[in-house]
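So you can see what is in the structure, the chains are spelled out below.
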Amino acid sequence: MNIENNIKTLIVKKPLKLDCGKTINDFPIAYETYGTLNEKKDNAILVFHALTGDQFVAGLNPITNKEGWWSHAVGPNKSIDTNKYFVICSNVIGGCLGSYGPSHKDPTTKKVFGTNFPIITINDMVNAQYNLIDHFGIDKLFSIVGGSMGGMQVLQFISNFPDKAKTVIPIACTSSHSAQNIAFNELGRQAIAADSSWNEGNYNIKDTVPNKGLAVARMAAHITYLSKKGLQEKFGRKLQEREDLKFGFDADFQIESYLRYQGSVFVDRFDANSYLYITRAMDYFDLAKQFDGNLSNAFKKTKAKFFVISFTSDWLYPTQENKDIVIALNSIGVDVGFVEIESDKGHDSFLLDVPDFLSAIKNFLDKSYTAI
């Protein structure tokens, strides 16, 4: 991907000590903005992206030439109205769309990092992104918003910087990765590692890409983003452009063809090593552990207003895991609202055109903004 001329980048000069013990400095954070920062600088919303997202939330992504990953929610007159709010989103460190990651060169060896890039955490991602707030001279964000891994970053951000956001919207997320989710991520990582082109993460040396392994990783993950009911209604046991079984291993069923397509288009826009690093960061996430097992203590210093959102058919980050966050907030008297949205679209509901979800976000933000 030729990304150099199509992205905004902030070079972070000050050192950042990572949770793994290593320190990075003079590193790039790629970002994009939407809307206009007002004179008071009190209309800024920091959006955090999920595992395979990037900084291009809305409009046309100049790298992929596809719609931004949250175009349903962000834009003029939409739920996060860019006529009213100034939206900031950055590519996480460890990513592959401009921010410091395994595809960058090691300043010491002058060689591409590959798997020599330091292991990063959700905490590291958030601490790196905080530099954008300083860059824009924003004293306090109006809101921080994110779904899935983005929701994890939301929780970590308000824990690290309790007075830096007025409102907090974690969506379809969890305060720690379950054994099941770690297992699914490990399946994806092993698929990549089993691809002979991976070359222990040094595939750039041979000018190859572990496309097959990365595609399988994407296929496995994509299943977890959907729901059984949604898959059954959309695909069922329908055959793929044929009237009968072929008695072979081609894609007989539409669902097989769909997954293969999802895998094939993914490899054109994502880096295999970044997939390893980001899934590892998700697996390491355990906010309660950072506070000796007491999740409530992660939020005791903030006066922000929370709005937690889950979906009925999300089995990756089920409603109960979102409710656990609400319970932790309630136990210390934090202002928190909660809604479970009816949807048969699974975990991916937060990325799709689900009217009840989009109106819930819009109502919460607009009412909170009016109260400033």
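Data block above holds the structure.
Residues numbered from 1 in each chain as written. Predicted model: local features only at pLDDT ≥ 70, side-chain atom pairs only at ≥ 80, totals over all residues. Heavy atoms only, no water.

A look at the overall build of the protein
- From N to C terminus, the protein includes 9 helices and 12 strands.
- In terms of overall size, the protein behaves like a compact globule, its C-alpha atoms giving a radius of gyration of 20 Å where 372 residues would be expected to give roughly 21 Å.
- Principal-axis analysis of the C-alpha atoms places the extent of the protein at approximately 65 × 50 × 40 Å.
- When burial is assessed residue by residue, the protein has 56% of its 372 residues classed as buried. (Helix = DSSP H or I, 4+ residues; strand = E, 2+ residues; numbered from the N terminus. Rg over C-alpha atoms; globule rule 2.2 N^0.38 Å. Buried < 20%, exposed > 50% of the residue type's maximum accessible area, 1.4 Å probe, protein only.)

Here's the deal with the sheet that holds strand E5 (residues 44-48)
- Read across the open sheet, the 8 strands follow the order E1-E4-E8-E5-E9-E10-E11-E12; overall the sheet is mixed. In the strand order of this sheet, the two ends are held by strand E1 (8-12) and strand E12 (336-341), each with one partner. The sheet shows a mean angle of 20° between the axes of neighbouring strands, direction not considered.
- Seen against the sheet, helix H1 (residues 122-135) touches E1, strand E4 (27-34), E5, strand E8 (86-90) and strand E9 (141-147) and runs at an angle of roughly 55° to E4. (Pairing = 2+ DSSP bridges. Axes fitted to C-alpha atoms, helices over the stretch in contact; angles between N-to-C directions. Contact = heavy atoms within 4.5 Å.)

Re the packing of helix H3 (residues 179-193) against helix H7 (residues 272-284)
- Contact geometry for H3 and H7: axes closest at 10 Å, N-to-C directions at 160°. Between H3 and H7, the crossing angle belongs to the class labelled roughly antiparallel. In the packing of H3 onto H7, the handedness of the crossing is left-handed. On the side of H3, the interface is formed by Asn181, Ile182, Asn185, Arg189 and Ile192, while H7 contributes Ala272, Tyr275, Leu276, Thr279, Arg280, Met282 and Asp283.
- The residue makeup of the contact of H3 with H7, split by class, is 6 nonpolar, 3 polar and 3 charged. (Parallel < 35°, antiparallel > 145°, perpendicular 65-115°, else oblique. Left-handed = near helix turned anticlockwise from the far one by under 90°. Nonpolar A, V, L, I, M, F, W, Y, C, P; charged D, E, K, R; others polar.)

Looking at the environment of Leu276
- Mapped onto the fold, Leu276 is located in helix H7.
- Beyond its immediate stretch of four places on either side in the chain, Leu276 contacts Arg189, Ile192 and Trp198.

As for the packing of aromatic side chains
- This structure, assessed with the given rule, holds 23 aromatic pairs.
- Judged by centre distance (5.8 Å) and plane angle (90°), the rings of Tyr31 and Phe136 are edge-to-face. With Tyr31 in strand E4 and Phe136 in the loop between H1 and E9, the pair connects residues that are 105 residues apart, well separated along the chain. Comparing Tyr31 with Phe136, the two get one shared label, buried. (Phe/Tyr/Trp six-rings, centres within 6.5 Å; stacked < 30°, edge-to-face > 60°.)

Quick look at a positive patch on the surface
- There is a patch of like positive charges on the surface, built from Lys140, Lys166, Lys303, Lys305 and Lys367.
- With relative accessibility at 62%, the residue Lys367 sits in the exposed group. (Patch = residues over 30% accessible without salt bridge, like charges linked within 9 Å, V, L, I, M, F, W, Y side chains within 5 Å. Areas by Shrake-Rupley, 256 points an atom, 1.4 Å probe, with all protein chains shown as cover. Salt bridge = Lys/Arg side-chain N within 4 Å of Asp/Glu carboxyl O. Lys, Arg positive; Asp, Glu negative; His and termini not counted. Charge placed at Lys NZ, Arg CZ, Asp CG, Glu CD.)

Topic: H3
- For H3, with 15 residues, the first-to-last C-alpha span of 21 Å sits near the 21 Å given by 1.5 Å per residue.
- Looking only at H3, the buried set comprises Asn181, Asn185, Gly188, Arg189, Ala191 and Ile192. Relative to the axis of H3, the buried residues are bounded by an arc of 160° and lie together on one face.
- The elements touched by buried residues of H3 are helix H4 (211-225) and H7. (Expected span 1.5 Å × (residues − 1). Arc of directions from axis to C-beta.)

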